[in-house]
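# A structural walkthrough
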Amino acid sequence: MTANTVTLVEAVRLAALQEMRRDPTVWVLGEDVARGGLYGQYKDFLPEFGPERVVSTPISESTIMGAGLGAALVGTRPIIEMRIFDFVMCAMDELVNQIAKIRYMFGGQARPSVVVRMPHGIWRNSAAQHSQMLESWFVHLPGVIVVTPATPADAAGLLVTAIRSDDPVLFFDPKNLFPVTGEVASVIEPIPFGKARTVRQGTDLTLVSWSAIMPAVDQAAATLSEAGISVDLIDLRTLWPWDQEAVCASVEKTGRLLVVHEAVAAAGFGAEVVASVVETLGPARVKAARRLGAPRIPIPFSPPLEDAVKVTPAKIVAAARQVVSA
């Protein structure tokens, strides 16, 4: 099978293109999708698939979300494009009270097979209403799958899985990584949910992360390795389901755990990972565990203040040294 080096945004474009060609029930709706999408993730879709399958909608997120659900219930597979994650707050009733619950409330007779794409994370100088990372909200929501890729290949493979899923999938595109390049197969195979990716293997510290912060975490792991600290680096790829087995196996080996995320530390998913690992392995086998995230403040517009809020490689290295020395 051949592979091409493409950007992450091109990888997800190719994945959606492949699935729309494979399955005529797959279609996309959202603001500006007929023009190719805000980031070019649907470029050239309209000429190939026409206005019935590439539907640019009015600026009404609740309408977009509700229309997607209704279309799924009559047998289609909509890709619901929210443009930027922060806009999903305008459609929370449809997402939280309808999409997430309808399959359960109808005893499995309803199939809300939707993919809700929500590009998230800090985007330079985009300020408090366009840079949020609230993935932990939706991990807490029964009935949905939460996907958080960090590489072009993972984003493509997980999007294929998401489109084929009968469960509703919340797909958090890491918009700050859209220009990042990597190899993607010409035929994109699905990547199963709940299976982490091991980035580095080591014996001194288990480092766990996901989504747009992964390059910074990998950079920190390289710095630690140069200093003689051997890191087991795990990219979760999906937060629900998440690969608890892989993380616990790693911590059994290293005895130490650091979970890093771009989102606010308070009530972030890192706390769930730490708690689950300690509960599973027991405190005697976990010598030290902590999480590292952003402070509980809105993302500033000012570049120096934004930099101060961000979780950086230097902050990750400092936190890792504390865990290793504990």
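Before reading on, note that the structure itself is shown above.
As a starting point, this report considers the structure included with it. (Residues numbered from 1 in each chain as written. Predicted model: local features only at pLDDT ≥ 70, side-chain atom pairs only at ≥ 80, totals over all residues. Heavy atoms only, no water.)

## Describing a nonpolar patch on the surface
Quick reminder of the rule: Patch rule: a residue counts if its relative accessible area is over 30% and it has no salt bridge; like charges are joined within 9 Å, and nonpolar side chains (Val, Leu, Ile, Met, Phe, Trp, Tyr) within 5 Å. For the accessible areas, the method is Shrake-Rupley and the probe is 1.4 Å, while residue cover comes only from the protein chains on display. Whenever Lys or Arg places a side-chain nitrogen within 4 Å of a carboxyl oxygen from Asp or Glu, that contact is recorded as a salt bridge. To qualify as a helix, a DSSP run of H or I must reach at least 4 residues; to qualify as a strand, a run of E must reach at least 2; elements of each kind are numbered from the N terminus.
A surface patch of nonpolar side chains, amounting to about 450 Å² of accessible area, comprises Tyr-104, Met-105 and Phe-106. Checked against the element boundaries, Phe-106 lands in the loop between helix 5 (102–105) and strand 5 (115–117).

## Some details on the pairing of strand 4 (residues 77–81)
Along any regular strand, the residues point their side chains to alternate faces of the sheet. Quick reminder of the rule: Exposure is judged per residue with a 1.4 Å probe applied to protein chains only, and the accessible area is read against the type maximum: over 50% gives exposed, under 20% gives buried, and values in between give partly exposed. Strands are treated as partners if at least two bridges between them are detected by DSSP.
Most of strand 4 is tucked away: five of the five residues are buried. Burial along strand 4 is two-sided: Arg-77, Ile-79 and Glu-81 facing one way and Pro-78 and Ile-80 facing the other are all buried. Examined bridge by bridge, strand 2 (residues 26–30) and strand 4 share five bridges and lie parallel to one another. What sits directly across from Gly-30, in strand 4, is Glu-81. When strand 4 meets strand 5, the two strands line up parallel, connected through three bridges. Each residue of the ladder has a partner; that of Ile-80, found in strand 5, is Val-116.

## Quick word on the sheet that holds strand 4
Strand pairing in a sheet relies on backbone hydrogen bonds, with the paired strands running either antiparallel or parallel. The following threshold applies: To obtain an axis, a line is fitted to C-alpha atoms, over the contacting stretch when the element is a helix, and the angle between two such axes runs from 0 to 180 degrees between their N-to-C directions. Whether two residues touch is decided by their heavy atoms; if any such pair falls within 4.5 Å, the residues are in contact.
Read from one edge to the other, the open sheet built from seven strands follows the order 3-2-4-5-7-6-12, with strand pairing classed as mixed. Of all the strands in the sheet, the pair left with one neighbour each is strand 3 (54–56) and strand 12 (238–240). Strand-to-strand twist across the sheet, computed as the mean angle between neighbouring axes with direction ignored, equals 20°. In the packing of helix 7 (residues 152–164) onto the sheet, contacts are made with strand 2, strand 4, strand 5, strand 6 (145–147), strand 7 (169–171) and strand 12, and the angle to strand 7 comes to roughly 155°.

## What about empty space enclosed by the protein?
Gaps left between atoms show up when a probe the size of a water molecule is rolled over them. Definition in use: For cavity detection a 1 Å grid was placed over the protein atoms alone, and a set of points counts as a cavity when a 1.4 Å probe fits there but cannot get out; an open set counts as a pocket when protein lies on both sides within 12 Å along at least five of seven lines, with lining residues being those that have an atom within 4 Å of a point. Grid points are joined across faces, edges and corners, and a volume is the space filled by probe spheres set on the points. Three categories are distinguished: nonpolar for Ala, Val, Leu, Ile, Met, Phe, Trp, Tyr, Cys and Pro, charged for Asp, Glu, Lys and Arg, and polar for the others, with Gly belonging to the last.
In total, this model carries one cavity of 30 Å³ or more according to the counting rule given. By volume, the largest cavity is sized at about 40 Å³. Broken down by class, the residue content of the lining of the largest cavity amounts to four nonpolar, three polar and two charged.

## As for the pattern of salt bridges
One pass over the structure, following the stated rule, counts 20 salt bridges. For Arg-200, the salt bridge is made with Asp-218, and the minimal N-O distance between the two is 2.7 Å. Of the two residues, Arg-200 sits in strand 9 (residues 197–200) while Asp-218 sits in helix 8 (residues 214–226), which places them 18 residues apart along the sequence. Overall, the relative accessible area of 27% leaves Asp-218 in the partly exposed class. Arg-285 serves as the salt-bridge partner of Glu-252, at 2.5 Å between the closest nitrogen and oxygen. With Glu-252 in helix 9 (residues 244–254) and Arg-285 in the loop between helix 10 (269–281) and strand 14 (288–294), this pair connects stretches of sequence that are 33 residues apart. Under the relative-accessibility criterion, Arg-285 is labelled partly exposed at 43%. Each of Glu-31, Asp-32, Arg-35 and Arg-83 takes part in one network of salt bridges that share partners.

Note that every value here comes from positions in space, so none of it alone points to a role or purpose.
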